[in-house]
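# Descriptive structure summary
These are the residues of each chain, in order.
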Amino acid sequence: MAENESGAEKSEDPTAKRKQQAREKGEIARSRELNTLAILLGGTAGMLLFGAHLGTKMLEVMQLNFDLPRELLYSERYMALHLLFAAKSAAEGLWPLFLVLLAAAVIGPVALGGFLFTMEPLTPKFSRLNPLSGLKRMFSVKSLVELAKALAKFLVVLMVALLVLSRAQEGLFALAHQPLEHAILSAMQTIGWCSLWLACAMILIAAVDVPFQMWDSKQKLKMTKQEVKDEHKDSEGKPEVKGRIRRLQMEMAQRRMMEAVPEADVVITNPTHFSVALKYDEDGNRAPVLLAKGGDNLALKIREIANQHQIIVLESPPLARALYYSTELDEEIPAGLYMAVAQVLAYVYQLRQFHAGKGKRPRPLGDSLPIPDELRRDE
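Residues numbered from 1 in each chain as written. Predicted model: local features only at pLDDT ≥ 70, side-chain atom pairs only at ≥ 80, totals over all residues. Heavy atoms only, no water.

Relative to the helices and strands, Ser89 is located in helix H3 (residues 76-111). Given a relative accessible area of 5%, Ser89 falls into the buried group. When near neighbours in sequence (up to four residues on either side) are disregarded, Ser89 contacts Lys57, Glu60 and Val61. (Helix = DSSP H or I, 4+ residues; strand = E, 2+ residues; numbered from the N terminus. Buried < 20%, exposed > 50% of the residue type's maximum accessible area, 1.4 Å probe, protein only. Contact = heavy atoms within 4.5 Å.)

Of note, Glu33 is situated in helix H2 (residues 32-66). A residue is classified by how much of its surface remains accessible, and Glu33, at 5% relative accessible area, is buried. Residues contacting Glu33, with those up to four places away along its chain left out, are Lys149, Lys153, Met202, Ile205, Ala206 and Asp209.

Our next topic: the packing of aromatic side chains. All chains considered together, the criterion is met by four aromatic pairs. Arranged with centres 6.1 Å apart and planes meeting at 35°, the rings of Phe212 and Trp215 form a pair that is tilted. You can see Phe212 and its partner Trp215 sitting in helix H7 (residues 180-221), three residues apart, about one turn around the helix. For Phe212, a relative accessible area of 18% puts it in the buried group. Where Tyr324 meets Tyr325, the ring centres are 5.2 Å apart and the plane angle is 85°; that geometry is what we call edge-to-face. Using a relative accessible area of 21% as the deciding quantity, one classes Tyr324 as partly exposed. (Phe/Tyr/Trp six-rings, centres within 6.5 Å; stacked < 30°, edge-to-face > 60°.)

Here it is, written out as structure tokens:
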């Protein structure tokens, strides 16, 4: 089981944050053998697909150079043009193969771990200059695995190479008896197939190395129980800090709520436990909205502010409890309370008219407001 520097056991799987931090530092699973395999297969495919084209261009370059008249060797202008033409022919033959190799060099690393660009591994670290750390890395389990892989790779490639050469021996000897043009094309094909078999020998090495690199990368990222707890605290915040933040948020919300009470049309009370403040915009399309609500001391504060700003306060315990439990701040009242609140607003309008000397005093509402059973709440 892996351990950290303090000796604690790393028994926990890495968290998403730990994986992200490791990725930003470039610490992801990579396989050299997979990269080598991709380049070998890419180069082999390029040789088999474009070998004839490459051989033809090489033949052109050779004929161009070997058939050069002697008198032209002393012409600087002609030699410069000759060199340019030879380089152009060579480039035309090589660019398809180079393009395939470039694609293989990109696909190999991306196939394991995905695409990643970071400058973190290039950052100078003086800890890497520590000779003790270097010796520790030299005699680590990973170094032994790398040594075993290198020996296995050498032996496997050597055996496959000997087998391939023994089978291609007759074809290689026959090249000496062929015309130059045919010999070059045959040599390119032979090299391509030999390279393919050698690349296939790397498949076994890569099949062992890729799972090992994935396992090794996961082991390095494993965490101790204390590290998981510390990360959780850093992410979520300490309990006392979170509690302080919640209290500040509640205080701010209550302050904003109290500032909205003077805009209310009516405050409905329990009267001893609950108070709710409602506002209705006659010119808008919304139902009445709950501006403030509170219980006990907060309810008393709402009533106090309402009295200071001459907001009508009505006592209706069933309606106050129904609104308190069914409606959140800045939300419209539920449809089941439309009729009851409409009667309250109508009473408020009539009472305002009476105070303005434009009508008779309205009759008290009483406790017979229509409140659905599913919205009724007891004390």
